[in-house]
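Summary of the model geometry
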Amino acid sequence: MNQSISILFPNSISLSIKREDLIHPFVSGNKLRKLKYNLLQAKKEHQTTLLTFGGAYSNHIAALAYAGKEQGFHTIGVIRGEELGSKIMENPTLLFAHDCGMQLEFVSRETYRLKTEDCFIESLRQKYGTFYLVPEGGTNPLAIKGCEEILTDADAIFDYICCAVGTGGTISGIINSVLPHQKVLGFPALKGDFLKNEIRNFAQQEHWELMTDYHFGGYGKVNSELIAFINAFFSKTQIPLDPIYTGKMVFGVIDLIERNYFPENSKILLLHTGGIQGIKGMNMKLKSKHLPIINIL
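Below or above, wherever it landed, is the structure these notes cover. (Residues numbered from 1 in each chain as written. Predicted model: local features only at pLDDT ≥ 70, side-chain atom pairs only at ≥ 80, totals over all residues. Heavy atoms only, no water.)

**Remarks on the packing of aromatic side chains**
One pass over the full model with this rule turns up 13 aromatic pairs. With a centroid separation of 4.6 Å and an interplanar angle of 35°, the aromatic rings of F26 and Y66 are classed as tilted. In this pair, F26 is assigned in the loop between β2 (14-19) and α1 (30-44) and Y66 in helix α2 (residues 59-71), connecting sequence segments 40 residues apart. On the numbers, 6.1 Å between centres and 80° between planes, the contact of F53 with Y112 is edge-to-face. Linking F53 in strand β3 (residues 49-54) with Y112 in helix α4 (residues 109-112), this pair joins segments that are 59 residues apart in sequence. There is no split in this pair, since F53 and Y112 are both buried. Taken together, the ring pairs connect F187, Y214, F216, F229, F233 and F251 into an aromatic cluster. When the ring centre of Y112 is taken as reference, the NZ or CZ atom of R80 above it lies at 5.2 Å. Geometry around Y37 places K145 over its ring, the cationic atom sitting 4.3 Å from the centre. (Phe/Tyr/Trp six-rings, centres within 6.5 Å; stacked < 30°, edge-to-face > 60°. Helix = DSSP H or I, 4+ residues; strand = E, 2+ residues; numbered from the N terminus. Buried < 20%, exposed > 50% of the residue type's maximum accessible area, 1.4 Å probe, protein only. Lys NZ or Arg CZ within 6 Å of the ring centre and 35° of its normal.)

Written out as structure tokens, the structure reads:
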């Protein structure tokens, strides 16, 4: 569903948001798209267990836990941070995954860095038996295939397609599916230039650009300006944004409009890729630091 945003912008620029966050109550946005063909492949291979990786507040962990429960899979989540093993009840994301039946394996940050190494994967197979492996963030060729289905014929009217970028899977699918007159703008949640190469592994077209000035310090980093923006945006539009991905993306797009980045009469589509489940955990962190919280739940 595309929802127009009733904010007056200069130069007759129009802004709409594609509410991918509404396509499923628990496996929302790009997570449903990324898991669609992976779960079909797991069933085709007669696998009964899904194993994946994620951090303390991972949208991917929460989504895979629920999707696995919904479709009859046993799920295993390898979680970054040994210390979290004793804090499940204090963490909304991990508690949700646990309540969905996900078996949680907590490893040190040093061990977690081995998540793509064959030796570590084999050690997990020795421990848990056979499983279908879904990478951290869910990004692989089957996930790209799912994300290529986000845009529809109705979206041909837009000149710019904007989305948040984590592991690069969603934007790769978008790049592969846009029309020649459209440009894709990605807003990374992480610092660093490495994502360009990751995206080029999956994306065949060239009309895209990463806007790297809106990460607010890096992955999981927020400040009072971003929180105030998310709260004000919700007050104006009743559209909730998360502080890790979509909040930074929308902030960046509106800042670029104000800086006259977009030509006159541009039609811009923002992709809301979900992530709202992480707000509870973020608010707990903000409260502990005596900072303003996100008031959209």
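**Regarding the nonpolar core**
Grouped together as the largest cluster of nonpolar side chains are 38 residues, with contacts concentrated most on F187, V253, F262, I268 and L270. In this view, I268 contacts I13, S14, L15, S16, F158, Y160, C162, V253, I257 and F262; residues no more than four positions away in its chain are not counted. L64, A65, I88 and V134 belong to the second largest nonpolar core, which has 24 residues in total. (Core = buried A, V, L, I, M, F, W, Y, C linked by side-chain atoms within 4.5 Å. Contact = heavy atoms within 4.5 Å.)

**Observations regarding the environment of Y57**
In this structure, Y57 sits in the loop between β3 and α2. Since its relative accessible area comes to 29%, Y57 is described here as partly exposed. Between the C-alpha atoms of Y57 and I276, which are 219 residues apart in sequence, the distance is 11 Å. Contact partners of Y57, with chain neighbours within four places excluded, come to N91, P92, T93, Q277, G281 and K285.

**Observations regarding the sheet that holds strand β6 (residues 132-133)**
In a beta sheet, neighbouring strands are held together by backbone hydrogen bonds and run either parallel or antiparallel to one another. Read from one edge of the open sheet, 4 strands run β5-β4-β3-β6, paired in parallel fashion. The open sheet has two free edges, formed respectively by β5 (103-107) and β6, since each of these has just one partner strand. (Pairing = 2+ DSSP bridges.)

**As for helix α5 (residues 118-128)**
For α5, the complete set of buried residues consists of F120, I121, L124 and Y128. Taken around the axis of α5, the buried residues stretch over an arc of 100°, which confines them to a single face. Away from its buried face by more than 90 degrees, α5 exposes D118, C119 and Q126. (Arc of directions from axis to C-beta.)

**Thoughts on the pattern of salt bridges**
Inspection of every chain in the model, using the stated rule, returns 10 salt bridges. In this structure, K18 engages D155 in a salt bridge whose closest nitrogen and oxygen atoms are separated by 3.0 Å. Note that K18 is positioned in strand β2 and D155 in the loop between α6 (141-147) and β7 (160-165), a separation of 137 residues in sequence. Comparing K18 with D155 shows no difference in burial state: the two are buried. Its salt-bridge partner being R80, residue E136 comes within 3.7 Å of it at the nearest N-O pair. Here R80 lies in strand β4 (residues 74-80) and E136 lies in the loop between β6 and α6, a separation of 56 residues in the sequence. Note on R80: relative accessible area 27%, which makes it partly exposed. Each of R80, K115 and E136 takes part in salt bridges that share partners, so that together they form one network. (Salt bridge = Lys/Arg side-chain N within 4 Å of Asp/Glu carboxyl O.)

**Focus: the packing of helix α9 (residues 224-237) against helix α10 (residues 246-258)**
It is the contact of α9 with α10, at a shortest axis distance of 10 Å, that shows an interaxial angle of 85°. Considering their axes alone, α9 and α10 lie roughly perpendicular with respect to each other. Two secondary-structure elements touch here, α9 through E225, L226, F229, I230 and F233 and α10 through G247, K248, V250, F251 and I254. Looking at the contact of α9 with α10 residue by residue, the classes come out as 7 nonpolar, 1 polar and 2 charged. (Axes fitted to C-alpha atoms, helices over the stretch in contact; angles between N-to-C directions. Parallel < 35°, antiparallel > 145°, perpendicular 65-115°, else oblique. Nonpolar A, V, L, I, M, F, W, Y, C, P; charged D, E, K, R; others polar.)

**Section: α1**
In this model α1 runs 22 Å from its N-terminal to its C-terminal C-alpha over 15 residues, within 8% of the 21 Å that 1.5 Å per residue would give. The axis of α1 is deflected most strongly, by about 30°, at K36. Taken residue by residue, α1 has N30, K31, R33, K34, L35, Y37, N38, L39 and A42 as its buried positions. Considering only its buried residues, α1 is in contact with β3, α2, β6, α6 and α7 (169-177). (Expected span 1.5 Å × (residues − 1). Bend = angle between axes of the 7 residues up to and from the residue.)

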